[in-house]
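# Breakdown of the fold
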Amino acid sequence: MTNEPMIRAAGLYKQFGPVEVLKGVSLEVGKGEVIAIIGPSGSGKSTFLRCLIHLETVQRGTIIIEGETLVETDAAGQCRYAQEAELRRIRGKMGMVFQHFNLFPHLTVLQNVIEAPLTVKGLRREDVVPKADALLKKVGLYEKRGSYPSSLSGGQKQRVAIARALAMEPDILLFDEPTSALDPELTGEVLRTMRALAEERMTMVVVTHEMGFAREEASRVVFMDEGSILEERPARELFAAPEHPRTRAFLESML
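Residues numbered from 1 in each chain as written. Predicted model: local features only at pLDDT ≥ 70, side-chain atom pairs only at ≥ 80, totals over all residues. Heavy atoms only, no water.

### A word on unusual backbone geometry
Applicable threshold: Here a helix means four or more residues in a row that DSSP labels H or I, a strand means two or more in a row labelled E, and each is numbered from the N terminus. Relative accessibility under 20% of the residue-type maximum defines a buried residue, over 50% an exposed one, and the middle range a partly exposed one, all with a 1.4 Å probe and only protein chains included.
Residues other than glycine seldom take positive phi values, yet N102 does so here, at roughly 60°. Counting through the fold element by element, N102 comes out in the loop between β7 (94-97) and α3 (109-119). Overall, N102 belongs to the partly exposed group, its relative accessible area being 42%. At E177, a residue that is not glycine, the phi angle is positive and equals roughly 45°. Look at E177 and you get buried, because its relative accessible area is 12%.

Here's what the structure looks like:
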């Protein structure tokens, strides 16, 4: 089972009312891969991530995380999710970093990082704090451990959010446009943190508009448009010679 993908998504369909947002999306992610998902706004990229971590439910399809089934569709077309306790455990294999940080404003940086390990995992504070301090050092924010989010820049908030996701010790990190809410000069510090994770072989799926990051750091790049994956290739190949006309047009508009 050593070649079991970390993520196997097959034939995912998702509708919001009459609008079909995902139209049969399939993707496999291997251990240590960095997958960049690019495409125009409204193409279903963020919805796909949210379905992987069960922030949204699919109408049809299969999601298997590290060999364990989160959701599958039976022969009658009925979508069946794992039981609640199993669902939580499988979800716990993944962490997610959002576009708008989602930090708790009333908690300090350190408290934000330790909150989930304490409340969700039930770990002891004396065990969690040293790990949280190490993570804050890793993202370059140890000196801010006693500060509140309101005193941080956007880039600092996003790095705290990354430390918070890592505090749950996930095997997979999902990033939903982690730099799109940041000023350009603050984007670099977040991308540096993500590059360091990529070098450590953290399995990551990154929805991004940062073409430089996608080209340099991703193992593969996935181009989505109108709810479908139109192209999926090694990063250097896709950027050097995109095959689908929509990919080509998109990259020309971005570069």
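### With respect to the pairing of β7
In plain terms, the rule: Between any two strands, at least two bridges found by DSSP are needed for them to pair.
Burial along β7 is two-sided: M94 and M96 facing one way and G95 and V97 facing the other are all buried. By the bridge criterion, four bridges tie β7 to strand β8 (residues 172-176) in an arrangement that is parallel. Across the sheet, the residue bridging to M94 is I172, located in β8.

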